[in-house]
Amino acid sequence: MQLTFFENENTSPLVEQYFELLFGKNAIPFQSTILPSGNTVITHIFTPGQKAIVKNEEMPLYKLTLSGVFYQSYKLIVNEAGSSFGVTLHPTTLYKLLNMDVSKIKNKHIPFHEINSDFSKKLNDIFLDYETPKKAVRDIELLLNESPLTINQNTILVDKAIDLIKDSEGLIHIDEILLETKISQKTLETQFKKIVGITPGKYIRSFRFIKLMKKYENNEIDLKDLIYMYNYYDSSHFNKDFKLFMNESPTSFFKKDNELIKKILKN
């Protein structure tokens, strides 16, 4: 299994990262937990044989797939060697591109053509001509830069809220965001959920957890110190959040190899 990330230069406000995921014959069958994140992802899976298990529901993964925001982890199962190329979008990008209620695809993997056939065709044309990751990055960035975007007062406010959350590494309260954005809590909740896919409270909680996990995997600080640094009252509070996001206890999780998760967290 090989996971490679690629830099983007022109669409940084729209794209967080590009990636290529390869599975050789020696890696099959492959199974891994996938971390929840506050981002939608567009992935082209070039070969069949992949599926996601989300709350006991099987979701086939093949060709151009749109993944919504996940608040809990899910299982990825790969039974055939092959490759995929993906684009992790900024939390507000999908709304800006398609002007859709992003909460409708929360915790789902959906064939992209079922969401928007016109944009799906444009992306499919890029992958029909796929040669290298570098060329795919260039072609996708060109497409995104040429695409009309829905940008209004609501997207500006939600972008500002996300910047505040990221700058604080998730150590921020809703009241602080309301003070900075000068909008009501109801408006923030409604617009954030529509544009990002989940509520700001859930986004903050998820972002804080992933940030802690990244620091742990990069050996920046001891786990016990991280727990208190990220405002967990004690280890039992952290264990509760861990079980919520990962569907298993920290003890069970850290006993496993978790090769794919480690590669993602170390990026």
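Described in the following lines is the structure provided in the data block. (Residues numbered from 1 in each chain as written. Predicted model: local features only at pLDDT ≥ 70, side-chain atom pairs only at ≥ 80, totals over all residues. Heavy atoms only, no water.)

### Focus on the packing of aromatic side chains
All chains considered together, the criterion is met by 22 aromatic pairs. With a centroid separation of 4.9 Å and an interplanar angle of 50°, the aromatic rings of Phe23 and Phe30 are classed as tilted. By the burial criterion, Phe23 is buried, and Phe30 matches it. Arranged with centres 5.9 Å apart and planes meeting at 55°, the rings of Phe85 and Tyr130 form a pair that is tilted. Residue Phe85 is located in strand 7 (residues 82-89), and its partner Tyr130 is located in the loop between helix 2 (117-128) and helix 3 (133-146); the two are separated by 45 residues in the primary sequence. On the basis of relative accessible area, Phe85 is assigned to the buried category, the value being 0%. A network of ring pairs unites the aromatic residues Tyr71, Phe209, Tyr216, Tyr232, Phe238, Phe242, Phe245, Phe253 and Phe254 as a single cluster. (Phe/Tyr/Trp six-rings, centres within 6.5 Å; stacked < 30°, edge-to-face > 60°. Buried < 20%, exposed > 50% of the residue type's maximum accessible area, 1.4 Å probe, protein only. Helix = DSSP H or I, 4+ residues; strand = E, 2+ residues; numbered from the N terminus.)

### Some points on helix 9 (residues 235-246)
With 12 residues, helix 9 extends 16 Å between its outermost C-alpha atoms, agreeing within 8% with the 16 Å of an ideal straight helix rising 1.5 Å per residue. Along helix 9, the positions that sit buried rather than exposed are His237, Phe238, Asp241, Phe242, Phe245 and Met246. Down the axis of helix 9, the buried set is contained in an arc of 140°. They therefore lie on one face. On its buried side, helix 9 packs onto strand 3 (30-34), helix 7 (200-217), helix 8 (223-229), helix 10 (250-254) and helix 11 (259-265). Of the residues flanking the end of helix 9, it is Asn247, one or two places downstream, whose phi is positive at about 60°. (Expected span 1.5 Å × (residues − 1). Arc of directions from axis to C-beta. Contact = heavy atoms within 4.5 Å.)

### Side note on unusual backbone geometry
For residues besides glycine, phi is generally negative; the peptide bonds are generally trans as well. With an omega of -5°, the peptide bond between Ile28 and Pro29 qualifies as cis. Looking at the element boundaries, Pro29 is found in the loop between strand 2 (15-23) and strand 3. The backbone of Lys55 shows a phi angle near 50°, a positive value even though the residue is not glycine. Tracing the sequence through the fold places Lys55 in the loop between strand 4 (41-54) and strand 5 (57-67). Owing to a relative accessible area of 64%, Lys55 belongs among the exposed residues under this scheme. Here the phi dihedral of Glu169 falls at roughly 60°; this positive angle occurs in a residue that is not glycine. Structurally, the position occupied by Glu169 is in the loop between helix 4 (153-167) and helix 5 (174-181). With a relative accessible area of 24%, Glu169 lands in the partly exposed category.

### Re the layout of surface pockets
Empty space within the largest pocket amounts to approximately 980 Å³. If you go around the largest pocket, you meet 38 residues; those closest to its centre are Gln17, Ser37, Val41, Thr88 and Ile264. Breaking the lining of the largest pocket down by element, the ones donating at least two residues are strand 1 (2-6), strand 2, strand 4, strand 5, strand 6 (74-78), strand 7, helix 7 and helix 11. Top element by residues in the lining of the largest pocket is helix 7. It accounts for 6 residues. In this model, the second largest pocket occupies a volume close to 280 Å³. Along the walls of the second largest pocket sit 13 residues, with Ile172, His173, Ile204, Arg208 and Asn231 positioned nearest its centre. Secondary structure elements with two or more residues in the lining of the second largest pocket: helix 7 and helix 9. Sort the elements by how many residues they give to the lining of the second largest pocket and helix 7 lands first, with 4 residues. Of the residues that constitute the lining of the second largest pocket, the class distribution is 5 nonpolar, 5 polar and 3 charged. (1 Å grid on protein atoms, 1.4 Å probe; cavity = no way out; pocket = protein on both sides within 12 Å on 5 of 7 lines; lining within 4 Å. Points joined across faces, edges and corners; volume = space filled by probe spheres on them. Nonpolar A, V, L, I, M, F, W, Y, C, P; charged D, E, K, R; others polar.)

### Observations concerning the pairing of strand 2
The sheet contact formed by strand 1 and strand 2 spans 5 bridges and is antiparallel. Looking across to strand 2, one finds that Phe6 is bridged to Tyr18. With 8 bridges joining them, strand 2 and strand 7 adopt antiparallel strand pairing. Bridge assignment links Phe19 to a residue of strand 7, and that residue is Gly86. (Pairing = 2+ DSSP bridges.)

### Quick look at a nonpolar patch on the surface
A cluster of nonpolar residues, Leu149, Ile151 and Ile156, forms a patch on the protein surface that exposes about 260 Å² of accessible area. Inspection of the secondary structure assignment puts Leu149 in the loop between helix 3 and helix 4. Under the relative-accessibility criterion, Leu149 is labelled partly exposed at 33%. (Patch = residues over 30% accessible without salt bridge, like charges linked within 9 Å, V, L, I, M, F, W, Y side chains within 5 Å. Areas by Shrake-Rupley, 256 points an atom, 1.4 Å probe, with all protein chains shown as cover. Salt bridge = Lys/Arg side-chain N within 4 Å of Asp/Glu carboxyl O.)

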